[in-house]
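Reading the structure
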Amino acid sequence: ENPFSEVEMGAWGGLLSFYGHLMRVIEVDLEENARITHVEYEVLLRLSWAEGRRMRIQDLAAQSLLTRSGISRVVERMEKAGLVNREIASEDRRGAYAILTDVGLERLHKAGETHIAVVRQHFLNFFNESELAQMAEFWRRLEARQSHS
């Protein structure tokens, strides 16, 4: 017997299967068109949004699917590629910052050219404005709940 109701199964199962499909499509696009992984794209994007184009690595990890050590390895790889710089946190000497370089920003823009089209083609275009607004509210509700736990 399935512990989920039919509606719950449709919602949860649909999210799981579609998420897996969409992530594979996005990964292929980013690898082919910008020579970066989806995680690297996410790091570049979050750094571009951050004040001074810099964030503590532990804060990047908190906003990612990866652990702190996983993000540290990604940042290290990105630093070797010239996409970010790494700087010891002067305020406590224990943490470190990832800082977006001009090369990283350029790569982000290159990736964004096709990434946005892929996300629209495989996801956003299937919903009207009202549905997208409702979906955005669902995500806000979940994020608010997550930040309080």
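Our subject is the structure that appears above.
A few points on the structure. (Residues numbered from 1 in each chain as written. Predicted model: local features only at pLDDT ≥ 70, side-chain atom pairs only at ≥ 80, totals over all residues. Heavy atoms only, no water.)

Within the protein chain one finds six helices and three strands. Each helix and strand of the protein chain, placed in order from N terminus to C terminus, yields the pattern α-α-β-α-α-β-β-α-α. Each of the 149 residues in the protein chain was classed as buried or not, and the buried ones make up 31%. The long-range share in the protein chain, meaning contacts at least 24 apart out of those at least 6 apart in sequence, stands at 52%. Positive and negative side-chain charges of the protein chain, numbering 19 and 23 respectively, have mean locations separated by a distance of 6 Å. (Helix = DSSP H or I, 4+ residues; strand = E, 2+ residues; numbered from the N terminus. Buried < 20%, exposed > 50% of the residue type's maximum accessible area, 1.4 Å probe, protein only. Contact = heavy atoms within 4.5 Å. Lys, Arg positive; Asp, Glu negative; His and termini not counted. Charge placed at Lys NZ, Arg CZ, Asp CG, Glu CD.)

Our next topic: the pairing of strand β3 (residues 96-100). Of all five residues in β3, five are buried; the element is thus mostly enclosed. In this sheet, β3 lies alongside strand β1 (residues 54-56) in antiparallel orientation, the contact comprising three bridges. Across the sheet, Met55 pairs through a bridge with Ala98, a residue of β3. The pairing of strand β2 (residues 84-88) with β3 spans five bridges and is classified as antiparallel. Along β3, the bridge assignment pairs Asn85 with Ile99. (Pairing = 2+ DSSP bridges.)

This part takes up helix α6 (residues 129-147). For α6, with 19 residues, the first-to-last C-alpha span of 27 Å sits near the 27 Å given by 1.5 Å per residue. You can read the cap of α6 off the contacts: a side-chain oxygen lies 3.0 Å from the backbone nitrogen of Ser130, and it is on Asn128. (Expected span 1.5 Å × (residues − 1). Polar contact = N/O pair within 3.5 Å; in protein donor to acceptor, adjacent residues only side chain to side chain.)

Bringing the sheet that holds β3 into the picture now. What the three strands build is an open sheet, ordered β1-β3-β2; its pairing is antiparallel. The sheet is open, and its two borders are formed by β1 and β2, each paired with just one other strand. The average undirected angle you get between the axes of adjacent strands in this sheet is 25°. Packed onto the sheet, helix α2 (residues 38-49) meets β1, β2 and β3 and runs at close to 90° relative to β3. Sheet strands touched by helix α4 (residues 68-80): β2 and β3. Its angle to β2, the strand with the most contacts, is close to 120°. (Axes fitted to C-alpha atoms, helices over the stretch in contact; angles between N-to-C directions.)

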